[in-house]
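# Tertiary structure, described
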Amino acid sequence: MPVSNRHILEQGPALTALGRVALTTLEQQLLGKKPSKKAPQLPGKKIEVTLPPRSAALIDDFVSNVGGDPSAYRGTLPPSFFPQWGFASASRAMEGVPYPMSKVLNAGSNFTVHAPIPAGESLNVSAQLVNIDDDGRRAILTTRVITSTKSVKDALVADMITLIPLKRDKSEKSSAKKEQPSVPVDAEELTQFEVGPWAGLDFAKLTGDFNPIHWIPPAARASGFKNVILHGFGTMARTIEGLNQTVLGGDPLKLKKWSCRFTKPLVLPAKASLFVRGNEVYVGIAAGGPAYLVGEYGT
């Protein structure tokens, strides 16, 4: 069932953040305004905001959309949902970096759950750019998003990892393609999930991330993809719900630590499987095949 359009009304901060990025892009492309060449001081400026409680309908629809059971969260927010309230602050925390922000791609995430986030309380969110890894070919930015409420301080500490491709040195000799991460041949397949052609649009309605590569085919193809691709955080959320229902016995509150990288775009529509090996997590088509996500979890 398609996600209701009414949830778009709850995505004001994220949509505003996307608008700021779009405006900056226009200034660079039409007015010739170049990004600052000055490296920012780290850690960067801390952005702090207080947001109203997320609506029960939005929470339930998010969990259902990514394959979970809304009743399993017992009045708490899914930690995989943090980009919904953290994206706007994280975007502001990255403003002023010397890179073309229109090229930003989500590359992964880490988080630690110190306590469940109460679903009915306002969210106190802070975001801060904490690291930049620039090797001349790409820049990887790590922005820390901390979520608290009136009753629980630092309930969720999460890192949003973004990648920005940079121009290659023309004198650089071409090298063999970097080996693509794969699902280990001895990994155990736990469950499968299927996502339709409009999964990117549905996830955008739920989180506010309306990057056109996820829901407008011509925009995705212009960016080098065969079709629209699922949000990396959409793959992550489905992976976590798969763990909840298998390894964690239906109790999502057992998950305390998570880290992952988005290693290959999941072009829509798609079918994929969740694999585990010990505490390692993989999303792919088959053992031994390419991985769309690699990660680890802790309880």
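Residues numbered from 1 in each chain as written. Predicted model: local features only at pLDDT ≥ 70, side-chain atom pairs only at ≥ 80, totals over all residues. Heavy atoms only, no water.

### As for the pairing of strand 10 (residues 270–277)
Counting buried positions along strand 10 gives six out of eight residues, so the element sits mostly inside the fold. Two elements, strand 8 (residues 188–195) and strand 10, share seven bridges in a ladder whose sense is antiparallel. Within the sheet, the bridge partner assigned to T191 lies in strand 10 and is L274. Counting the residues that bridge the hairpin from strand 10 to strand 11 (residues 280–284) gives two residues, and of these G278 lies at a positive phi of roughly 65°. (Buried < 20%, exposed > 50% of the residue type's maximum accessible area, 1.4 Å probe, protein only. Helix = DSSP H or I, 4+ residues; strand = E, 2+ residues; numbered from the N terminus. Pairing = 2+ DSSP bridges.)

### Some remarks on helix 4 (residues 199–207)
For helix 4, a buried count of nine out of nine residues is recorded, marking the element as mostly surrounded by other parts of the structure. Among the residues making up helix 4, those that are buried are A199, G200, L201, D202, F203, A204, K205, L206 and T207. Immediately downstream of helix 4, the backbone of G208 shows phi near 90°, a positive value.

### Looking at the side chain of S126
Locating S126 in the fold gives a position in strand 5 (residues 123–134). The class of S126 is buried, set by a relative accessible area of 11%. Sequence-distant contacts of S126, that is, excluding residues within four places in its chain, are made with K46, I47, E48, R144, V145 and I146. (Contact = heavy atoms within 4.5 Å.)

### Some details on the packing of aromatic side chains
In total, this model carries seven aromatic pairs according to the counting rule given. Note on F233 and F262: the rings are 5.5 Å apart at their centroids and 85° apart in plane angle, and the pair reads as edge-to-face. Of this pair, F233 sits in helix 6 (residues 232–245) while F262 is found in strand 9 (residues 257–262), placing the two residues 29 residues apart along the sequence. Each member of the pair F233 and F262 is classed as buried. (Phe/Tyr/Trp six-rings, centres within 6.5 Å; stacked < 30°, edge-to-face > 60°.)

### Quick notes on the sheet that holds strand 7 (residues 156–165)
If you trace the ten strands from one edge of the open sheet to the other, you get 1-5-6-7-3-9-12-11-10-8, paired in antiparallel fashion. Among the strands making up the open sheet, the edge pair consists of strand 1 (47–51) and strand 8. Going across the sheet, the axis of each strand differs from the next one's by a mean of 20°, ignoring polarity. With five bridges connecting them, strand 1 and strand 5 associate as antiparallel partners. Bridge pairing in strand 5 links V49 to V125. Together, strand 1, strand 3 (105–113), strand 5, strand 6 (138–148) and strand 7 form the strand contacts of helix 3 (residues 82–93), whose direction differs from that of strand 7 by roughly 55°. Helix 6 contacts strand 3, strand 7, strand 8, strand 9, strand 10, strand 11 and strand 12 (291–298) of the sheet and is inclined by roughly 140° relative to strand 9. (Axes fitted to C-alpha atoms, helices over the stretch in contact; angles between N-to-C directions.)

### Some points on the nonpolar core
Core analysis: the largest hydrophobic core is formed by 61 residues, its most contacted members being F82, W85, F111, M236 and W258. The dominant element in this core, judged by the number of residues it contributes, is helix 6, at five residues. Sequence-distant contacts of F82, defined by excluding residues within four places in its chain, comprise F87, S109, F111, L156, A158, D159, M160, F233 and M236. Among the nonpolar cores identified, the runner-up in size contains nine residues, and M94, V97, A139 and L141 belong to it. (Core = buried A, V, L, I, M, F, W, Y, C linked by side-chain atoms within 4.5 Å.)

### Some details on the pairing of strand 6
Among the eleven residues of strand 6, eight are classified as buried, and the element is accordingly described as predominantly covered. Looking at chain direction, strand 5 and strand 6 are connected through ten bridges and run antiparallel. For N131, the partnering residue across the bridge sits in strand 6 and is T142. A loop of three residues connects strand 5 with strand 6, the two strands running antiparallel in sequence, and G136 in this loop sits at a positive phi of about 90°.

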